[in-house]
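Summary of the model geometry
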Amino acid sequence: MKCGRCRAPAVIEVRRHNAGYCRECFVRHCGEQVRRAIDHFDMLGPGERVLVAVSGGKDSLGLWQILRELGYDADGLYLGLGIGEYSDESGRYVRAFAAERGWKLLEIDLAAEYGFDVEGGSRSAKRAPCSACGLSKRHIFNDAAIRHGYDVLATGHNLDDEAAVLLGNVLRWETEFLGRQHPVLPAAPGFARKVKPLIRLSERELAAYCVLTNIDYIVEECPMAGGNRHLGYKHTLNEIEERSPGTKAAFVFGFLERAHERFAAEVAEARDELRPCAECGAPTPGDVCAFCRMRARAVGEPIGVRSIS
Ligand code: AMP
Ligand code: FES
Ligand code: ZN
């Protein structure tokens, strides 16, 4: 097979685009897909400071590199979740990546900063580990972006991630989540702007990008993710994609163009109920936000005590 752009021997085929690429043209293709996503969804403005949440995996390290190559002022943020050897190793990959390039990396350690790890939070809040982990990530990423004065927080969610989450939300008709499922969540009081610039690239393209540009990333998956529903959805979507290439992209972009707006009312209604958490000030529908409740239980503190003392 030949590269569809320059006719050199192709190193990868992307069936969704019915195209083969040589190394150089593929790397350029990845940059162009991110550029198109940023422009189409108006994700980033010129000169804005971007905080990229980097886990040590292919998606987020690839994203950080692509954003820097597109000229963005992007720093990294790594959150140590305390998931044994997996977290230790992820941290080593992120630090080595940043140090080799001389890029600024912020680090936050969940246990050191908040007194609990994912397993402790999961046990005390009676949530699945992935749910306790997701709650911690959302809370801490948002807080870090605001506290350190970044204009926007970028995550490495790719097309496969978005398709799997969309399928899960549709299967249960989670209308409020559907209204919030978008590659750009605008800034609002207490919320930093959040963007997903990899929405036009698949997991496989990100893995190939990292291999072809010599990015060393952690290959192992999180050991807690075993029973995670989204892994099952990804598997199902991969089978469909195998039979009809382009289905995942049609599913996600069709939703964004034709259905997303229909769920705006649910989101607006939920937003109207938000007020500052009595402990940390983050927007929440209750008195104390879910993250602060989980933290208080995990460290054995009565809920709400910080706001009184
Ligand atoms: P996940 O929730 O594991 O699917 O990861 C989605 C995105 O969240 C990644 O692409 C990263 O941008 C970010 N992320 C996940 N884990 C971490 C972490 N420990 N530290 C910083 N960012 C992370
Ligand atoms: Fe969060 Fe696995 S990375 S539970
Ligand atoms: Zn709180």
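So, a few notes on the structure that sits alongside this text.

A word on the overall build of the chain
- Assigned secondary structure in the chain consists of 14 helices and ten strands.
- Referenced to the eigenvectors of the C-alpha coordinate spread, the extents of the chain come out at roughly 70 × 45 × 40 Å.
- Out of the 309 residues belonging to the chain, those deemed buried represent 50%.
- By sequence separation, contacts in the chain at least 24 residues apart represent 69% of the contacts at least 6 residues apart.
- Of the roughly 15,300 Å² of accessible surface on the chain, a fraction of 51% belongs to carbon and sulfur atoms.
- For the chain, the separation between the mean place of its 41 positive charges and that of its 43 negative charges on side chains is 2 Å.

Comments concerning the sheet that holds strand β6 (residues 152–154)
- With respect to topology, six strands assemble into an open sheet ordered β5-β4-β3-β6-β8-β7, the strand pairing being mixed. Unpaired on one side and paired on the other, β5 (105–109) and β7 (184–185) mark the two borders of the sheet.
- Bridge analysis of strand β4 (residues 73–80) against β5 gives five bridges, and the strand direction is parallel. Directly across from Tyr 78, in β5, lies its bridge partner Glu 107.
- Helix α3 (residues 84–101) rests against β4 and β5 of the sheet, and its axis sits at about 160° to β4.

Structural notes on the layout of surface pockets
- Empty space within the second largest pocket amounts to approximately 370 Å³.
- Along the wall of the second largest pocket there are 15 residues; nearest its centre are Ser 202, Arg 204, Asn 238, Glu 241 and Lys 248.
- Along the lines of polarity and charge, the residues of the lining of the second largest pocket split into three nonpolar, two polar and ten charged.

Quick word on the nonpolar core
- Counting residues in hydrophobic clusters, the biggest one holds 59 residues, and the most contacted among them are Met 43, Leu 44 and Leu 67.
- Among the elements that take part in this core, helix α1 (residues 23–40) stands out by supplying seven residues, more than any other.
- Excluding anything up to four places from it in sequence, Leu 44 contacts Ile 38, Val 50, Leu 67, Tyr 72, Val 152, Arg 193 and Val 195.
- Residues Leu 79, Phe 141, Cys 277 and Cys 289 belong to the second largest nonpolar core, which totals 31 residues.

Details of the packing of aromatic side chains
- Evaluated as defined, the whole model comprises six aromatic pairs.
- Between the aromatic rings of Trp 64 and Trp 103, the centroid separation amounts to 5.4 Å while the plane-to-plane angle is 55°, which identifies the pairing as tilted. Taken together, the residues Trp 64 in helix α2 (residues 58–69) and Trp 103 in the loop between α3 and β5 connect sequence positions 39 residues apart.
- By relative accessible area, Trp 64 is classed as buried at 0%.
- Each residue in the set Trp 64, Phe 97 and Trp 103 is aromatic and connected to the rest through ring pairs, giving one cluster.
- Cation over ring: Arg 101 sits above Phe 97, and NZ or CZ is 3.8 Å from the ring centre.
- Geometry around Trp 103 places Arg 101 over its ring, the cationic atom sitting 5.8 Å from the centre.

Quick look at the pairing of β5
- What you see with β5 is a clean split: Leu 106 and Ile 108 sit on the buried side and Leu 105, Glu 107 and Asp 109 on the side with no burial.
- Crossover connection from β4 via α3 to parallel β5: handedness right-handed.

Quick word on the coordination of the zinc ion (ligand 3)
- Around the zinc ion (ligand 3), the donor atoms from the protein are Cys 277 (SG), Cys 280 (SG), Cys 289 (SG) and Cys 292 (SG), and they sit 2.3 to 2.4 Å away.
- Here the donor residues of the zinc ion (ligand 3) are spaced in sequence according to C-x2-C-x8-C-x2-C.

Some remarks on the pattern of salt bridges
- Scanning the entire structure with this criterion turns up 20 salt bridges.
- The salt bridge involving Lys 234 is made with Glu 203; its shortest N-O contact spans 3.0 Å. Within this pair, whereas Lys 234 is found in helix α10 (residues 229–243), its partner Glu 203 is found in helix α9 (residues 203–212), the two being separated by 31 residues in sequence.
- Assessed through its relative accessible area of 24%, Glu 203 is described here as partly exposed.
- Residues joined by salt bridges that share partners form a network here, namely Asp 161, Glu 203 and Lys 234.

Calculation rules
- Residues numbered from 1 in each chain as written.
- Chains lettered and ligands numbered in written order.
- Predicted model: local features only at pLDDT ≥ 70, side-chain atom pairs only at ≥ 80, totals over all residues.
- Heavy atoms only, no water.
- Helix = DSSP H or I, 4+ residues; strand = E, 2+ residues; numbered from the N terminus.
- Buried < 20%, exposed > 50% of the residue type's maximum accessible area, 1.4 Å probe, protein only.
- Contact = heavy atoms within 4.5 Å.
- Areas by Shrake-Rupley, 256 points an atom, 1.4 Å probe, with all protein chains shown as cover.
- Lys, Arg positive; Asp, Glu negative; His and termini not counted.
- Charge placed at Lys NZ, Arg CZ, Asp CG, Glu CD.
- Pairing = 2+ DSSP bridges.
- Axes fitted to C-alpha atoms, helices over the stretch in contact; angles between N-to-C directions.
- 1 Å grid on protein atoms, 1.4 Å probe; cavity = no way out; pocket = protein on both sides within 12 Å on 5 of 7 lines; lining within 4 Å.
- Points joined across faces, edges and corners; volume = space filled by probe spheres on them.
- Nonpolar A, V, L, I, M, F, W, Y, C, P; charged D, E, K, R; others polar.
- Core = buried A, V, L, I, M, F, W, Y, C linked by side-chain atoms within 4.5 Å.
- Phe/Tyr/Trp six-rings, centres within 6.5 Å; stacked < 30°, edge-to-face > 60°.
- Lys NZ or Arg CZ within 6 Å of the ring centre and 35° of its normal.
- Right-handed = clockwise from strand over helix to strand, strands pointing away.
- Donors = N, O, S within 2.8 Å, 3.2 Å for Na, K, Ca; no water.
- Salt bridge = Lys/Arg side-chain N within 4 Å of Asp/Glu carboxyl O.

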